[in-house]
Amino acid sequence: MSDTLRGDCANCFGLCCVAPPFAKSADFAVNKAPGEPCRNLRDDFRCGIHTKLRSSGFPGCTVFDCFGAGQKVSQVTFGGVSWRAAPESAGLMFDVFLVMRGLHEMLHQLGQALALPAARPLHDELRRAAARVEALTEGSAEALGKTGMAAVRAEVHPLLARASTLARAAVGGRTRSHRNADLIGARLRGAKLRGAELRGALLIAADLSGADLTLADLIGADLRDADLSGADLTDALFVTQPQLNAARGDGSTRLPAGVERPAHWTR
């Protein structure tokens, strides 16, 4: 992943701790309204319980990734002036952060697609799409606040789907499609899901231990509390670090390039 698409909390005004809402649940210990600073946010914009988020009831924070949107909005779009220093800009800054995160996530996905040799026939289209999305991220705060994300996704997502189809063709034969499927708690231990389409699938608490997910398309799949122990995700498509951070796995889980084994996984 490009360094510009990695979160840099030291250069962010704690936007992920303020802009999005969260509800009291297994992921968060309290309710928080959009635009309301988290009770754990310090005056220096750092988290006061960063080293013990999971044990303090905030595991949801450990699986969030802004893809570098936080520092881009803080230091570039708003020129290093925080929402505390300029309260009148707070609402717009929070709205822009959510837009920027979506744009940066798409840039990350387009970069992943460009890294697929099988998607070479689409590389020119992918580069042009990435350039258009990048140009949006450089716009003014006002322009970003008015960005129609549905239209941007309508351009980018079909292109990513075409790249996925080309990559998964290497599997040969007919592959399974579980697009947007409700697989919450599904028993998929040892399942043969090589090259499967799992785009947007709900795999919350699913048992995927020992499953073959080689070249499976996992874009947008919800892997919260899914068991990936011993699973093979070699060359799995569009996997993100937040997805893995939300799942469970172990030392035998095989991961695609570009992601790290979460520290909380068993060894």
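Residues numbered from 1 in each chain as written. Predicted model: local features only at pLDDT ≥ 70, side-chain atom pairs only at ≥ 80, totals over all residues. Heavy atoms only, no water.

Draft legend 1. Region of the structure containing the state of the cysteines. A complete count under the given rule lists zero disulfides for this structure. Here C12 stays unpaired: no disulfide links it, and the sulfur of C66, its closest cysteine neighbor, is 6.1 Å away. Overall, the relative accessible area of 12% leaves C12 in the buried class. (Disulfide = S-S within 2.5 Å. Buried < 20%, exposed > 50% of the residue type's maximum accessible area, 1.4 Å probe, protein only.)

Draft legend 2. Representation of the nonpolar core in the model. With 45 residues, the main nonpolar core has L15, W83, L103 and L110 as its most contacted residues. Of all the secondary structure elements, the ones that give two or more residues to this core are α2 (69-77), α3 (90-114), α4 (123-137), α5 (141-145) and α6 (149-168). No other element matches the 12 residues that α3 contributes to this core. Contact partners of L103, with chain neighbours within four places excluded, come to V133, L136, T137, L144, M149 and V152. Counting residues in hydrophobic clusters, the runner-up holds 29 residues, among them L183, L193, L228 and A236. (Core = buried A, V, L, I, M, F, W, Y, C linked by side-chain atoms within 4.5 Å. Helix = DSSP H or I, 4+ residues; strand = E, 2+ residues; numbered from the N terminus. Contact = heavy atoms within 4.5 Å.)

Draft legend 3. Expanded view of α6. Helix length check: α6 (20 residues) gives 27 Å between terminal C-alpha atoms against 28 Å at 1.5 Å per residue, within 8%. Residues M149, V152, V156, L159, L160, A163, S164, A167 and R168 constitute the buried set of α6. Lining the buried residues of α6 we find α3 and α4. (Expected span 1.5 Å × (residues − 1).)

Draft legend 4. Representation of the pattern of salt bridges. Evaluated as defined, the whole model comprises 13 salt bridges. With a shortest N-O distance of 2.8 Å, D44 and R42 are connected by a salt bridge. One salt-bridge network, in which partners are shared between bridges, spans D27, D222 and R224. (Salt bridge = Lys/Arg side-chain N within 4 Å of Asp/Glu carboxyl O.)

Draft legend 5. Molecular detail of the packing of α3 against α6. In contact at an axis separation of 10 Å, α3 and α6 are set at 20° when each is read in the N-to-C sense. Judged by the inter-axis angle, α3 sits roughly parallel to α6. Considering how the two elements wind past one another, α3 and α6 form a crossing that is left-handed. Of α6, the residues touching α3 (which contributes V99, G102, L103, M106, Q109, L110 and A113) are M149, V152, R153, V156, H157, L160 and A163. Split by residue class, the contact of α3 with α6 holds 10 nonpolar, three polar and one charged. (Axes fitted to C-alpha atoms, helices over the stretch in contact; angles between N-to-C directions. Parallel < 35°, antiparallel > 145°, perpendicular 65-115°, else oblique. Left-handed = near helix turned anticlockwise from the far one by under 90°. Nonpolar A, V, L, I, M, F, W, Y, C, P; charged D, E, K, R; others polar.)

Draft legend 6. Here's a closer look at unusual backbone geometry. A positive phi angle, close to 70°, is found at F45, a residue other than glycine. Along the chain, F45 turns up in the segment before α1 (59-62). You will see that F238, though not glycine, has its phi angle at about 60°, which is positive.

Draft legend 7. Structural view of the packing of aromatic side chains. A complete count under the given rule lists five aromatic pairs for this structure. When the centroid spacing of 5.8 Å and the interplanar angle of 65° are considered together, the rings of F45 and W83 count as edge-to-face. Note that F45 is positioned in the segment before α1 and W83 in the loop between α2 and α3, a separation of 38 residues in sequence. Pair check on accessibility: F45 and W83 agree, each one buried. With 5.7 Å between their ring centres and 65° between their planes, W83 and F94 make a pair best called edge-to-face. In this pair, W83 is assigned in the loop between α2 and α3 and F94 in helix α3, connecting sequence segments 11 residues apart. (Phe/Tyr/Trp six-rings, centres within 6.5 Å; stacked < 30°, edge-to-face > 60°.)

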